[in-house]
Amino acid sequence: MSQQPPRSGDDIRAAYLRFFEERGHMHLPSASLVPAGDPTLLLTSAGMVPFKPFYAGDETPPRTRVTTVQKCFRTTDIDEVGDRTHHTFFEMLGNFSFGDYFKREAVHWAWEFCTGVLGLAPERLWVTVHHSDDEARAIWRDEVGVPNERIISLGDRDNFWGPAGDEGACGPSSEIHFDRGEEHGPGTVPGDDTTRYIEIWNLVFPQFYQSKDGSRGPLPATGIDTGMGLERITAIMQGVGSAYETDLLRPIVAKVEELSGHAYGRDEETDFALRVVTEHARAASFLIGDGVVPSNEGRGYVLRRIVRRGIRFARKLGMEGRFYAPVAEVVIAKMGERYPELAQGRAFILRTLEAEEERFAEAIGLGMPVLEGFLAQGAQVAGRDAFLLYDTYGFPLELTQEVARERGLSVDVEGFAAEMEAQRERGRAAARFGGGRDVARAYEALGAGDSVFLGYDALEADPVVVGILTGEDFDTPADAVGAGEEADVVLDRTPFYAEGGGQVGDTGVIACAAGEGVVSDTQRPVGGFIAHRVRVVRGRLEVGAEVRASVDAERRLDIARNHTATHLLHGVLREVLGSHVRQAGSLVAPERLRFDFTHVSGVSREEQSRIEALVNERVRADHALTKREEAQREAVARGALAFFGERYGETVRTVQIGPDDAAVSFELCGGTHLDRTGQIGAFRLTGESSVGTGIRRIEAVTGRGADAWVDQRLAWLDEAAAALRAAPAEVPARIGALAAQAEEARRLSAAQARQSARQGAEALLAQAAEVAGVQVIAASTEAPSIEGLREVAGWLKDKLGTGVVALGAVLDGKPQLVVMVSDDLVARGIRAGDVVKAAAPAMGGGGGGRPQMAQAGGREPGKLPAALEAAVDAVRQKAG
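The rules we used
Residues numbered from 1 in each chain as written. Predicted model: local features only at pLDDT ≥ 70, side-chain atom pairs only at ≥ 80, totals over all residues. Heavy atoms only, no water. Buried < 20%, exposed > 50% of the residue type's maximum accessible area, 1.4 Å probe, protein only. Helix = DSSP H or I, 4+ residues; strand = E, 2+ residues; numbered from the N terminus. Pairing = 2+ DSSP bridges. Axes fitted to C-alpha atoms, helices over the stretch in contact; angles between N-to-C directions. Phe/Tyr/Trp six-rings, centres within 6.5 Å; stacked < 30°, edge-to-face > 60°. Lys NZ or Arg CZ within 6 Å of the ring centre and 35° of its normal. Core = buried A, V, L, I, M, F, W, Y, C linked by side-chain atoms within 4.5 Å. Contact = heavy atoms within 4.5 Å.

Caption draft 1: Seen up close, the pairing of strand 19 (residues 486–491). Summarising burial for strand 19: 5 of the 6 residues are buried, a large majority. The pairing of strand 16 (residues 465–470) with strand 19 spans 4 bridges and is antiparallel. Bridge assignment links leucine 469 to a residue of strand 19, and that residue is aspartate 488. Bridge count for strand 19 against strand 23 (residues 531–542) is 5 bridges, and the pairing is antiparallel. Residue pairing across strands places valine 489 opposite histidine 532, the latter belonging to strand 23.

Structure (structure tokens):
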């Protein structure tokens, strides 16, 4: 124990880890905010999330006692952030037991840390337990010595935790609360008053596994999952009212104060906005640092939502310019040493935030006129319209609601949700392997141990069939499978690589004297089991049979070429584009490779050429590959990179390309690789594209695939040369000449179209009519585009000198309306935006714009004449 209780956030964090390391706990680094291999969770929301497979018994933990400081993100409180207590991002101090100690040790250690290390007065600590947990109550009362009257029994809502996601470990919990004193509230016990009594530590006792249907069964072994929020306990130790006043967040608040010109602590409304910007800037920095980029779905939408909410509150502080990057700089400086992914990804974090600020400004400019049109139609924005704003213009639903509330209107949230679900349904694809706990139980029922993978050293083996699963979902154990049937076959040992780390599963043959099956895929559906999807083509395969398992060697070699090339590509991308590049997904197949990575702009042709040249340079260098098993901590400390979405144990496999003193790649990777880079043959970059905001994709081929790619393009060149009646070397010049001719033809055609439009405009000029003393032209016309429609309207306005022009056209099957008003009439109160807002609903649309010029779109082309009439009526009312 330290002589002086720790006060700073850094010291409290260090003291906690030291305390539990001294009690036999292994300190593991924080997992990513993106849960590895867990589709049931959007983001890591609690300290135990990375350990769900350990509690469920699906995987073996590196130690039975573990302690962490876990980055966490909870989406449920986004709209509450800005008050003194709610956060989206926070650090959770935790200690965990996987079948080792249980309630007694957890309770005693929690009390010892609170009173002994932190020096909290015992009389200010209260305890809550689940009403059914007599065991926990007895430990607190009889062993720790907490008076019975300070042990409060509560129900499921307060003292039962989990699961984290749709299914998983859960159990009763016990919480420690700190009494801040009567001056903070009138409550007499925890649960009555969350202002006076602050929960500082939650001890969860996982005893059950809850399935998706809500049923609970016992866990294979009981455990311990505890959590103490670092921000909250730091505020208590520093004697301040909230985390925003601690050394964890105060430097960030200070930067926002500097940028906004507002001081914290003078006005609650201003303080609320300062806290929103501070919290969301920190949270966004961590999300981007873990590879999340803004988008309109999933994690990307959470990021976009908090970034744009921060912008809205920054504007309330008068911060109109770009502000996220300088605030994020403070976050990175404050926390980059503890969380190196922030420092390593600094450039990417800053560029992503700047780009999102720019996109939001564009969204406001493009979407607000459309939203104005929807608001003009009635008391409620329809769900489909709110979804259009979200999907097309990037407007978060919350922004649409906020603007609507300011006008005294509402939004059809249920309709929006229905549109969102319809989109998800369209994009949803069901996985064939795996399927939750039902499949897990089927594998557990086999009674077989983990499959041993032999494929690093052999492509053939003579294993024994230890399990066969049949049925529509391959979750029904069987003793045998016959000709024409398909099943998942489990072997005690196998040379077949199961899909993982982006590498596809092996194919091949499993055969014996009694039968033969073709393996079409290999996966790891549960824990350590390796399943071979087999279609029996002869005889039958039976449990207990010794078989010959043979991997398709040529296909495996093609995959290895692409996998080793992927590692070379990753290293080159970081060299050419910057160290912010991080893998965001990959595919390693026999015929091609695909690599997704974080980068905010397109990769130029010059950069692509350099990337391809550098990869091929390292291929020709014929570097040796060194594969070894080592401790994860040691590998990461030596600079090994970890791939996106993978879960790593205490011991990992590393792949190094090149010598120790000049390695060109060093990564944690369980995939199969070549022995030397020269075996790749050649690398050809075949495509570069965007797959989302801040995520780029490179596709490439190697070896035989590269040869085929080059041959195909040479064939196309020969065909083009023959069609042009030119030599291959003359093809570019000949195509350039044809393109110039086509451009000249387009120019002449456009000039003729403008001339025709001008002649039509002259005819429209004669249709000018006086409306309440104002010259008005309101008519439908032919126009090639919205730009052409604006050009004609502008010409007519100039010819009128003073007046209003309302021109409509049907473009791509949708009605469009442009209104222009001369400056003198604007001064009289006739504004183009007002005319458009009055006219657009008549054609089922909306719009807006400036006083001199506005435009609108609609959904009903047959109602364009009615919209023009409405425009004339609006002018009449304004002029009258």
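Next comes the rest of the description.
Caption draft 2: Spotlight on helix 14 (residues 397–406). Of all the 10 residues making up helix 14, 7 are buried; the element is thus mostly covered by neighbouring parts of the structure. All of the buried residues along helix 14 are Leu397, Glu398, Leu399, Thr400, Glu402, Val403 and Ala404. Of the residues trailing helix 14, glycine 408 is marked for its positive phi of about 75°.

Caption draft 3: The arrangement of the sheet that holds strand 31 (residues 695–702) in detail. If you trace the 4 strands from one edge of the open sheet to the other, you get 25-26-31-30, paired in antiparallel fashion. Edge positions in the sheet fall to strand 25 (583–588) and strand 30 (683–692), since each of these pairs with one other strand and no more. Each strand of the sheet is rotated relative to its neighbour by a mean of 15°, with strand direction disregarded. One ladder, built from 5 bridges, connects strand 25 with strand 26 (residues 593–598); its direction is antiparallel. Looking across to strand 26, one finds that glycine 585 is bridged to aspartate 596.

Caption draft 4: Region of interest: the packing of aromatic side chains. Here the structure, examined in full by the defined rule, presents 28 aromatic pairs. Between the aromatic rings of phenylalanine 595 and phenylalanine 597, the centroid separation amounts to 6.2 Å while the plane-to-plane angle is 20°, which identifies the pairing as stacked. In this pair, the class of phenylalanine 595 matches that of phenylalanine 597, namely buried. Cluster of aromatic residues (ring-pair linked, three or more members): Tyr16, Phe19, Phe20, Tyr101, Trp109, Phe113 and Trp201. Lying across the ring of tyrosine 339, arginine 338 places its NZ or CZ 5.6 Å from the centre. The ring of tyrosine 456 has arginine 653 sitting right over it, with the charged end atom 3.5 Å from the ring centre.

Caption draft 5: Structural context of the nonpolar core. Within the largest apolar cluster, 117 residues are counted, with the highest numbers of intra-cluster contacts made by Leu120, Trp140, Ile200 and Trp201. If near-sequence neighbours (up to four positions away) are discounted, isoleucine 200 is found in contact with Cys114, Leu120, Leu125, Ile176, His177, Phe178, Gly227, Met228, Gly229, Ile233 and Ile236. Among the nonpolar cores identified, the runner-up in size contains 28 residues, and Val774, Ala854, Ala856 and Ala867 belong to it.

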